[in-house]
Amino acid sequence: MTPNQSSDEFYTKLRKRLKKTSKWPSPYLYKFIIPTENQSNIDTLIAIFDNLGAVISTKKSSKGKYTSVSVNVTMKSPDIVIEKYKEVGEKVQDVISL
């Protein structure tokens, strides 16, 4: 199985779960972890959610090596939730989506 097949399957399952468990538009909480050493990655991540009315919070790990980023935002549909995950994956290096 190629990585794209695996991620496609993941997003298909996520879409089904989101449609089943929420009424849209709905608030959605994204969580990410990024190495702190490259502030531009954190800035890029924040910019992706800019102008969406998102509440964004960041917190450094106890040793400061990683930064967690939480993004609470109202999204219009499961498809848009997934589009944002894909955009983050394409534009932000070394990001871990939770």
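Look up: the structure comes first, before these words.
The shown structure was predicted, so the numbers you read here are calculated from the model rather than taken from an experiment.

Moving on, we get to the packing of aromatic side chains. Overall, the coordinates contain eight aromatic pairs when judged by the stated rule. Taken together, the ring pairs in this structure connect Tyr28, Tyr30, Phe32, Phe49 and Tyr85 into an aromatic cluster. Lysine 84 extends its terminal NZ or CZ atom over the ring of phenylalanine 49, reaching a point 5.9 Å from the ring centre.

Let us now look at the sheet that holds strand 2 (residues 55–60). Read across the open sheet, the four strands follow the order 2-3-1-4; overall the sheet is antiparallel. Each edge of the sheet is formed by a strand with only one pairing partner; in this case those strands are strand 2 and strand 4 (96–97). Where strand 1 (residues 26–35) lies against strand 4, two bridges are found, and the strand directions are antiparallel. Looking at the pairing, isoleucine 33 lines up with isoleucine 96 of strand 4. Of the strands in this sheet, strand 1, strand 2 and strand 3 (66–75) touch helix 2 (residues 39–48), which is tilted by about 170° from strand 1. Relative to the sheet, helix 3 (residues 78–91) contacts strand 1, strand 3 and strand 4, its axis offset from that of strand 1 by approximately 10°.

Rules used in this analysis
- Residues numbered from 1 in each chain as written.
- Predicted model: local features only at pLDDT ≥ 70, side-chain atom pairs only at ≥ 80, totals over all residues.
- Heavy atoms only, no water.
- Phe/Tyr/Trp six-rings, centres within 6.5 Å; stacked < 30°, edge-to-face > 60°.
- Lys NZ or Arg CZ within 6 Å of the ring centre and 35° of its normal.
- Pairing = 2+ DSSP bridges.
- Helix = DSSP H or I, 4+ residues; strand = E, 2+ residues; numbered from the N terminus.
- Contact = heavy atoms within 4.5 Å.
- Axes fitted to C-alpha atoms, helices over the stretch in contact; angles between N-to-C directions.

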